[in-house]
Amino acid sequence: FLETAAYFCMKPKMGEKEVSPHSFFSIWHEFSSDFKDFWKKENKLILQERVKEAEEVCRQKKGKSLYNIRPKHDSGIVSKNCSHT
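Parameters at a glance
- Residues numbered from 1 in each chain as written.
- Predicted model: local features only at pLDDT ≥ 70, side-chain atom pairs only at ≥ 80, totals over all residues.
- Heavy atoms only, no water.
- Patch = residues over 30% accessible without salt bridge, like charges linked within 9 Å, V, L, I, M, F, W, Y side chains within 5 Å.
- Areas by Shrake-Rupley, 256 points an atom, 1.4 Å probe, with all protein chains shown as cover.
- Salt bridge = Lys/Arg side-chain N within 4 Å of Asp/Glu carboxyl O.
- Helix = DSSP H or I, 4+ residues; strand = E, 2+ residues; numbered from the N terminus.
- Buried < 20%, exposed > 50% of the residue type's maximum accessible area, 1.4 Å probe, protein only.

As annotated in an unreviewed UniProt entry, the protein is FMN2 protein from Fregetta grallaria.

Below is the structure:
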């Protein structure tokens, strides 16, 4: 435990000889709570961005027709009969 506290550069409070687990974990609890809240907010933003991107892709695909409409060519029987008369 003391090695871990030293790794995070924790110093004992005034009047204490060593870093107590209570002081270490109270700081760690605050950090982890803040980190968890930030993580949730960040994930929510990322999810919203992905939803917007997916909606945009759907709008673009709906805008494009799935088939091509070609102009009608006058090459059928009716067109041949009409052009001779």
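Enquirer: What should I look at first to understand a nonpolar patch on the surface in this one?
Expert: On the surface, a cluster of nonpolar side chains totalling about 1000 Å² of accessible area is made up of Phe1, Leu2, Tyr7, Phe8, Phe25, Trp28, Phe31, Phe35 and Trp39. For the nonpolar patch, the secondary structure elements donating two or more residues are α1 (2–7) and α2 (21–63). Looking at the nonpolar patch element by element, the count peaks at five residues for α2. Relative to the helices and strands, Tyr7 is located in helix α1.

Enquirer: Mind showing me how you'd approach the pattern of salt bridges here?
Expert: Should their charged atoms come close, side chains of opposite charge can pair. In this structure the tally under the stated criterion is one salt bridge. Glu56 is the partner of Arg59 in a salt bridge, and the nearest nitrogen-oxygen pair spans 2.7 Å. Placement of both Arg59 and Glu56 in helix α2 is noted, with a separation of three residues, approximately one turn of the helix. Note on Arg59: relative accessible area 51%, which makes it exposed. Since its relative accessible area comes to 36%, Glu56 is described here as partly exposed.

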